[in-house]
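# Structural overview
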Amino acid sequence: QVQLVESGGGLVQPGGSLRLSCAVSRNIFSINVMGWYRQAPGKQRALVAAITSGGSTDYADSVKGRFTISRDNAKNTVYLQMNSLKFEDTAVYYCNAEVGLITKYDYWGQGTQVTVSS
């Protein structure tokens with residue numbers, strides 16, 4: 001069982017910044033992919049950013065150039081730095097971990113609310 005705990009959400013004005021943190025209960029080098037997803041009311045959960053065990057990153061087109069995913073292996077923590085926030089970034093943000101070699105398992109954090117409002 002992998003435990004993921006998100007933090008750092010809150011209320012921010014358009015153009016502002018937030019940094020989300022995801023603390024993981026195991027060494028993140030053993031996790032295939034860490035990702036940040038978001039879900040707005042009535043919408044499906046969608047990928048925001050992902051980082052592999054090798055350090056490769058991927059971003060949704062809507063956040064490229066504004067968001068940065070990173071990790072600190074010593075702290076077993078993954079971050080999402082969010083800059084130039086827009087109204088449409090408002091959502092619950094979830095941390096995700098894919099674990100396994102042959103059989104893959106997905107684990108999710110409890111979510112943290114990000115609200116962008118003037």
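Structural notes, computed from the coordinates. (Residues numbered from 1 in each chain as written. Predicted model: local features only at pLDDT ≥ 70, side-chain atom pairs only at ≥ 80, totals over all residues. Heavy atoms only, no water.)

## What to know about the state of the cysteines
Inclusion rule: In this description, the term disulfide denotes a pair of cysteine sulfurs within 2.5 Å. For the purposes of this entry, the term helix denotes a DSSP run of H or I that reaches at least four residues, the term strand denotes a run of E that reaches at least two, and both are numbered from the N terminus.
Under the criterion given, the structure shown has one disulfide. In this model Cys22 forms its disulfide with Cys95; the gap between the sulfur atoms is 2.1 Å. Disulfide Cys22-Cys95: torsion about the S-S bond near -90°, hence left-handed. Of this pair, Cys22 sits in strand 3 (residues 18-24) while Cys95 sits in strand 9 (residues 91-99); the two residues are 73 residues apart in sequence, bridging distant segments of the chain.

## Some thoughts on the pattern of salt bridges
Which entries qualify depends on this criterion: A side-chain nitrogen of Lys or Arg and a carboxyl oxygen of Asp or Glu constitute a salt bridge if their distance falls within 4 Å. Any residue under 20% of the maximum accessible area for its type is buried, any over 50% is exposed, and the rest in between are partly exposed; the area is computed with a 1.4 Å probe on protein chains only.
Applying the stated criterion across every chain yields a total of three salt bridges. The residue Asp61 makes a salt bridge to Lys64 at a minimum N-O spacing of 3.1 Å. Residue Asp61 is classed as exposed on the basis of its relative accessible area, which comes to 64%. Salt-bridge contacts for Asp89 lead to Arg66; the nearest nitrogen and oxygen are separated by 2.8 Å. You can see Asp89 sitting in the loop between strand 8 (77-82) and strand 9 and its partner Arg66 sitting in the loop between strand 6 (57-59) and strand 7 (67-72), a full 23 residues away along the chain.

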